[in-house]
Amino acid sequence: MNVIKAWGAGWTRSLALPHIAFIKWITNSLVACALVVPIYVILSATLDHSLLANRIADAIPMDLYAELGVLFQDLSPVYMSLASAIAVLFLLLSLFISAGTLRAVTAENRPKTAEFFKDSAQFFISVTLVTLLSLLLAVIVLVPSIWLFEELSNRLNDWSKSPQTSFYFGWAALLVGFILFTFVARVSDYARLAVCSSDQKRSFSAFMVGLKTTWQQPFATLSLWLLCLATVAGLVFASSLLQPVIAPINNLWLTLALGQLVLILRIFARMAWLAAQHRLTAKKATPVSIGTAETIAMPAEADPAEYY
Amino acid sequence: MLTMIWPLLAFVVSTTLLQDETPPETPQTVPANEAEASTQDVELDAFDPTFEPVTELVKQVNSEPVSDTVSENVHYRLKVKLDPKAKTIDGSLVLTYTNNSPDEISELQFHLYMNAFKHENTTFAIERGNLVDAGTADEHSYGYVDINELEFNGRHALDRLQYIQPDDGNVHDQTVASISLDEPLQPGSSMDIKCRFITKLPKAIDRTGFHKNTFFAAQWFPKLGVWETAGFHGREEAGWNCHQFHAVSEFYADFGLYDVSITVPADFEVGASGRLVKVDDSATHKTFSFSGERIHDFTWLASSEMVRIPMKFVPKEWVSDAELEAVMSLHGISLDEASLKPVDVILFMAPEHEEQSERHFKAVAQAIKYFGLWYGAYPYTSITCVDPPYGLSEIGGMEYPNLITMGTDWIKPKDERDPDGVTIHEFGHQYWYGMTGSNEFEASWLDEGFNTYSTGLVMAIVHNPIKKYVRFNHLPFEKNALMYMEPYTDFQRSRAQLIRDQGTDSVLRNAWEYKNTESYFNNSYGKAATMLHQLSRELGADAFARAMRIYASQYRYNHPNSHDFQATIEQLSGRDFGWFFEQFIFGHQTIDYAVGEVKSHRYDEAIGFLETENGRVFVTEPDLANPSYLHQITIENGGTGRYPVDIAVRFADGTEQRLQWDGSYRWKKFSLNHASEITEVEIDPDHRIIIDFNSFNNSYRAQADSQVSQKWSLRFLLRIQQILQTLSGVMS
């Protein structure tokens, strides 16, 4: 299957799973609301009875920005602690949901909501372990790269007479960084797909599958990602074009609706991408010798503690 | 993902807003030396007591004195040679010092600023955190100045030199030297001080140093402190005012004459304070001779890489007759007094910024114009403007007499504040510091605050509104849209500093004694400028403009302090401003008025034994046909200071009632009888007080409107949702 066909098939699969998109959207929205409520309370107390409120309706003058900054200053440490705690919970929740999502986008049938949550629970630990292995890979790949970039950059600045050299070097380095990040992120995706698509709960084996698949199909992998990025960028760009149209109407419900539409489309796009990756590589991925779905089948009711 | 679109859009917009493509006038390119700096050597004259000053030559060229009322008690004659390989300046100095005071002077105190960069134990290094990051230092990272020979009136005196630390007692700091005299210098008499010194320039750091083949010599030679008599600026005893070099403090010195000859390799060009008198060429070296009158410092730049572009400010090309007439009318001065003079503008441009030379010149010309119209013509014949090359940004944004350093980037959108803002600001220092020689160590607001205020006025005319940009690998991205921030003005920028300060420090403090660096900048720059705006609102714009011009003229080539400025304001207005200066300049008082509780009691709802026109009546059912109210309004002062303020109370029947409060005590409760409901209460309805920290609580509307808070909350919600989706996208 080529990249375009895989992308199309991915969307077909994704659009067939609206209930999962809804679960992801509602999770996102509830967490976002929890983060926004304290902000709303302060803004409401500050602005609702103030004649100055209308002055900042669309944009804030720099000095009033400073005034608002001071107003939020006291709240900031408490709020940041709360936000950090909520963010951690959200990430754990995302991991949980991702297990079910990965299963759903790779499965032949259309899982019902109950099955979705069952799959989420079943694959949660494996997916978490794969994610941690991916983070380790990111540290191994990216940290030395950043260090090398800084060293080269310093030496270049000592040597160079003009900013142009630094400019071109900087963008070249960013391109390399982008490719490395792509590599790590795709290894992670492929490994998690391997975990969930074939009942392969051995995380390290799945991780090796991800590594091998990425290594064997670099261009297809990159092309698919760029396609997805372009889709999302186009989506966001289109919404940003719509915002100036909505702004003069000053209709908060319309703004909210547009924002949610963009978010939901992003959720579908992400699921489509996962499905497309699975379809692109499903038949080409060669099981690695240390454990694949075919060689090591784990019982569904296996002890989660053994999933590593 | 939503957040990604703004930088992309900003990039598209910014690339259409790049700088003028207009080529500069007759650029003269200095031959670049791609290899290491020249190692060719030239012998500097030996310690030379018969040093020939070039001031006489200057006077032949420029016979018109810059001012008639100036006391110049120092005459520096410096002859120096730059060694680009060793990064050193080998120099000889003959300083003639005249004791203009009524005191006998028994010691001299010199600034040896360059010793601030000698090691990590200097006061400058400690206050800054460090000079050089561990692991990156080499011998060229540090700098110093050594006095090798010293004579007073022909007698050796080096053995009497000792380092002192008047500010902090840091025994490792060698930025001030004291030398006792054989016999006291009598009032009215002069003495010659001769010395041989060597200055090692560090790699570019805080306004001085070198990078590749560009050398910026600032704070580089032994420089005498200022002798102050008892009573001057409140001193109890006569003595030297000679502070150590601190991380955030600047300078203070007497006005005088500077004759300086600088020898550099033949492929170098030199720009400096004063004006260029002559250039002597040899096969291997060039010697540039400069002379400066009525200046209090001397700084120079030598480079084989930069592009020298001479331009000229011609008043009639920039100032209209109407503008001159307006100035004459406002200040009651003659055409001659209002007129400006031609100025040679010498640009030293980094090659990569050469296409911005026209933009730099335009900013300088506008500064010459407006500062000249407002505070008196720029009296010198030239201004040298240095655009630091890549790698030398540490020297950017600094002022010295007749020489400023600017600062730009390779790619500069037109609506970004700098380089224009910084160029205008640094030129402005020719007035506030250069000519009005206040003590920057002890009253930094008199130069930075005044100049921030004046710069803002110029910027308001020539460069508003301004957008903020953030740079990513040299590419500028507009931040305003991303942050929902309006394009801003310099006034707002200054006021934001006042708000961020929150009364941390008073405006007037020794520069090194602010709580931290941020407080120094907030108080010396923006907060001080905002206080001047506040004074302007008190006096009226025209009266304040007159006061500023009078202050600038009265103290030109002098050393005024904050009380001198206060006296100028009070004399001009005939009003006492002690309450203002004591609270907001010398003190750290703050203002934060707020509408507290607004309560209304409706008389006509009452029941009971009511006294009416028909006598006492027992009422059980209120008559609501003729409403009347007792309103109680509490106005609070959450700040520590007081400022007379008006309060407007608006009623449903369309009427308005004004109340006054002097701000004393923490709150005041006003009671009003009125026939209709209160709709709004507004503190300072004429928006006269700009130093209030929190404008949002200065008003109250009875009918709450949550539209704006909902709108902002929605913006936060949508942005947070997008961020969360990006996070979860990484996870699933």
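About the cut-offs
- Residues numbered from 1 in each chain as written.
- Chains lettered and ligands numbered in written order.
- Predicted model: local features only at pLDDT ≥ 70, side-chain atom pairs only at ≥ 80, totals over all residues.
- Heavy atoms only, no water.
- Helix = DSSP H or I, 4+ residues; strand = E, 2+ residues; numbered from the N terminus.
- Buried < 20%, exposed > 50% of the residue type's maximum accessible area, 1.4 Å probe, protein only.
- Contact = heavy atoms within 4.5 Å.
- Areas by Shrake-Rupley, 256 points an atom, 1.4 Å probe, with all protein chains shown as cover.
- Lys, Arg positive; Asp, Glu negative; His and termini not counted.
- Charge placed at Lys NZ, Arg CZ, Asp CG, Glu CD.
- Salt bridge = Lys/Arg side-chain N within 4 Å of Asp/Glu carboxyl O.
- Expected span 1.5 Å × (residues − 1).
- Phe/Tyr/Trp six-rings, centres within 6.5 Å; stacked < 30°, edge-to-face > 60°.
- Lys NZ or Arg CZ within 6 Å of the ring centre and 35° of its normal.
- Core = buried A, V, L, I, M, F, W, Y, C linked by side-chain atoms within 4.5 Å.
- Buried area = accessible area lost by both parts, 1.4 Å probe.
- Polar contact = N/O pair within 3.5 Å; in protein donor to acceptor, adjacent residues only side chain to side chain.
- Nonpolar A, V, L, I, M, F, W, Y, C, P; charged D, E, K, R; others polar.
- Pairing = 2+ DSSP bridges.
- Axes fitted to C-alpha atoms, helices over the stretch in contact; angles between N-to-C directions.
- Parallel < 35°, antiparallel > 145°, perpendicular 65-115°, else oblique.
- pLDDT = per-residue confidence, 0-100.

*Asks:* Can you walk me through the overall build of chain A in this structure?
*Replies:* The secondary structure content of chain A amounts to nine helices and zero strands. Along chain A, from the amino end to the carboxyl end, the secondary structure elements read α-α-α-α-α-α-α-α-α. Its C-alpha atoms put chain A at 70 × 60 × 40 Å along the principal axes. A buried classification covers 46% of the 308 residues belonging to chain A. For chain A, long-range pairs separated by at least 24 residues make up 81% of all intrachain contacts whose partners lie at least 6 apart in sequence. Accessible area of chain A: about 14900 Å², with a carbon and sulfur share of 72%. For chain A, the distance from the average position of its 20 positive side-chain charges to the average position of its 17 negative side-chain charges is 13 Å.

*Asks:* Teacher, can you tell me more about the overall build of chain B here?
*Replies:* Along its length, chain B carries 17 helices and 35 strands. With respect to the three principal axes, the spread of C-alpha positions in chain B is 110 × 70 × 55 Å. Of all intrachain contacts in chain B linking residues separated by at least 6 positions in sequence, the fraction that spans at least 24 positions is 75%. On chain B, roughly 28400 Å² of surface is accessible, and the fraction owed to carbon and sulfur atoms is 50%. When the 61 basic and 105 acidic side-chain charges of chain B are each reduced to a single mean position, those positions are 3 Å apart.

*Asks:* Teacher, can you tell me more about the pattern of salt bridges here?
*Replies:* Oppositely charged side chains may form a pair once their charged atoms are brought near each other. Considering all chains together, one arrives at 43 salt bridges over all chains under this definition. With a closest N to O distance of 2.7 Å, A:Glu67 and B:Arg495 form a salt bridge. A residue pair is termed interchain when its members come from two chains, as with A:Glu67 in helix α3 (residues 62–73) and B:Arg495 in helix α12 (residues 490–501). Overall, the relative accessible area of 1% leaves A:Glu67 in the buried class. Residue classification places B:Arg495 among the buried residues on the basis of a relative accessible area of 5%. A salt bridge links B:Asp662 to B:Arg642, with the nearest nitrogen and oxygen atoms 3.2 Å apart. One end of the pair, B:Asp662, is in the loop between β32 (656–661) and β33 (667–674); the other, B:Arg642, is in the loop between β30 (629–637) and β31 (645–651), and 20 residues separate them in sequence.

*Asks:* What's the story with helix α7 (residues 203–216) of chain A in this structure? I'm lost.
*Replies:* Since the α-helix turns once every 3.6 residues, residues separated by three or four places project in the same direction. Relative to the 20 Å expected for 14 residues at 1.5 Å per residue, α7(A) spans 20 Å between its end C-alpha atoms, a close match to the ideal helical length. The elements touched by buried residues of α7(A) are α5 (113–159), α6 (163–197), α8 (218–249) and α9 (252–281) of chain A.

*Asks:* It is not clear to me how the packing of aromatic side chains should be interpreted in this structure. Could you clarify?
*Replies:* Here a ring pair, both rings aromatic, is described through the centre-centre distance and the interplanar angle of the planes. Tallied over the entire structure, the rule returns 71 aromatic pairs over all chains. Ring geometry for A:Phe167 versus A:Tyr168: centroids 5.1 Å apart, planes at 75°, classification edge-to-face. A ring pair is formed by B:Phe210 and B:Phe215, whose centres lie 5.8 Å apart and whose planes are at 25°; its orientation type is stacked. When the ring centre of B:Tyr488 is taken as reference, the NZ or CZ atom of B:Lys468 above it lies at 5.8 Å. The residue whose ring lies beneath B:Arg715 is B:Trp712, and the NZ or CZ to ring-centre distance is 4.5 Å.

*Asks:* Would you explain the nonpolar core in this entry?
*Replies:* The nonpolar side chains of a soluble globular protein tend to be buried, and buried together. All names here are of chain B. Core analysis: the biggest nonpolar cluster contains 181 residues, and Tyr97, Leu108, Trp220, Phe298, Trp300, Trp445 and Phe565 have the highest contact counts within it. By residue number, the principal contributor to this core is helix α7 (residues 357–375), which donates ten residues. Aside from chain neighbours lying at most four places away, what touches Trp300 is Val80, Leu82, Ile89, Phe215, Phe216, Ala217, Trp220, Ile262, Gly271, Ala272 and Leu403.

*Asks:* It is not clear to me how the interface of chain B and chain A should be interpreted in this structure. Could you clarify?
*Replies:* By a widespread convention, an interface's size corresponds to the accessible area lost as its parts come together. Contacts between chain B and chain A engage 71 residues on the former and 78 residues on the latter. Buried area between chain B and chain A, summed over both chains or domains, comes out near 7000 Å², and the portion from carbon and sulfur atoms is 65%. At the boundary of chain B and chain A, one finds four salt bridges. Where chain B meets chain A, there are 27 residue pairs in polar contact (both at pLDDT 80 or more). Contributing elements (two or more residues each) for the side of chain B that touches chain A: α1 (2–15), α12, β34 (678–683), β35 (699–701) and α17 (707–731) of chain B. Broken down by element, the residue count for the side of chain B that touches chain A peaks at 23 residues, all from α17(B). A breakdown of the residues in the side of chain B that touches chain A according to their chemical character gives 32 nonpolar, 22 polar and 17 charged.

*Asks:* Help me understand the sheet that holds strand β7 (residues 161–163) of chain B, please; the structure alone is not making it clear to me.
*Replies:* In sheet architecture, strand pairing relies on hydrogen bonds along the backbone and comes in two forms, parallel and antiparallel. Strand order across the open sheet formed by four strands is β7-β8-β4-β12 (chain B), with antiparallel pairing between neighbours. The open sheet has two edge strands with one neighbour each: β7 and β12 (223–224) of chain B.

*Asks:* Teacher, can you tell me more about the sheet that holds β30(B) here?
*Replies:* All names here are of chain B. Spatially, β27-β30-β33 is the arrangement adopted by the three strands of the open sheet, whose pairing is antiparallel. The strands lining the two open edges of the sheet, one partner per strand, are β27 (593–602) and β33. Put simply, the sheet's adjacent strands are angled 20° from each other on average, direction ignored. The pairing of β27 with β30 spans eight bridges and is classified as antiparallel.

*Asks:* Would you mind showing me how to read the packing of helix α5 (residues 321–331) of chain B against α7(B) here?
*Replies:* All names here are of chain B. With their axes 9 Å apart at the nearest point, α5 and α7 run at an angle of 30° to one another. In terms of axis orientation, α5 runs roughly parallel to α7. Contacts from Glu323, Leu324, Val327 and His331 in α5 reach Lys369, Tyr370, Leu373 and Trp374 in α7. Here the contact of α5 with α7 is composed, by residue class, of five nonpolar, one polar and two charged.

*Asks:* Explain helix α16 (residues 578–585) of chain B here, please?
*Replies:* All names here are of chain B. Within α16, six of the eight residues are buried, leaving the element largely enclosed by the surrounding structure. Turning to α16, its buried residues are Gly578, Phe580, Phe581, Gln583, Phe584 and Ile585. Buried residues belonging to α16 abut α13 (517–539) and α15 (562–573).

*Asks:* When you look at unusual backbone geometry in this model, what are you seeing that I'm missing?
*Replies:* All names here are of chain B. With omega at 15°, the peptide bond leading from Asp418 into Pro419 counts as cis. Its place among the elements puts Pro419 in the loop between β24 (403–405) and α8 (420–428). Positive phi is not limited to glycine here, since His233 has a value of about 55°. Mapped onto the elements of the fold, His233 is located in the loop between β13 (226–228) and β14 (239–241).

*Asks:* Can you help me understand the confidence of the model for chain A in this one?
*Replies:* Interpretation of the predicted coordinates at a detailed level should be avoided for regions scoring low in pLDDT. For chain A, per-residue confidence averages 85 on the pLDDT scale, and residues scoring 70 or more make up 90% of the total. Looking over chain A, one finds the lowest element-wise mean pLDDT in α8(A), namely 85, and the highest in helix α2 (residues 18–47) of chain A, namely 95.

*Asks:* What am I meant to see in the side chain of B:Arg77 here?
*Replies:* Tracing the backbone through its elements, the reader meets B:Arg77 in strand β2 (residues 74–83). Within the local environment of B:Arg77, its side chain forms a polar contact with the side chain of B:Thr96, the two groups lying 2.3 Å apart.

*Asks:* Would you take a moment to explain the pairing of strand β17 (residues 275–281) of chain B for this structure?
*Replies:* Two faces belong to every sheet, and in a regular strand the side chains alternate between them. All names here are of chain B. Two strands pair when backbone bridges link them, and β17 and strand β18 (residues 285–295) are joined in this way by six bridges, in the antiparallel orientation. Bridge pairing links Leu276 to Phe290 in β18. If you look at the hairpin formed by β17 and β18, you'll find three residues sitting between the two strands.

*Asks:* Before we go on, may I ask you to explain the confidence of the model for chain B in this structure?
*Replies:* Residue and element names in this part refer to chain B. For chain B, the average pLDDT comes to 90, and 90% of its residues sit at 70 or higher. Across residues 1–70, where pLDDT falls below 50, the model places 156 contacts with residues more than four positions away in sequence or in other chains. Both scores are available for the predicted complex, with the pTM at 0.87 and the ipTM at 0.88.

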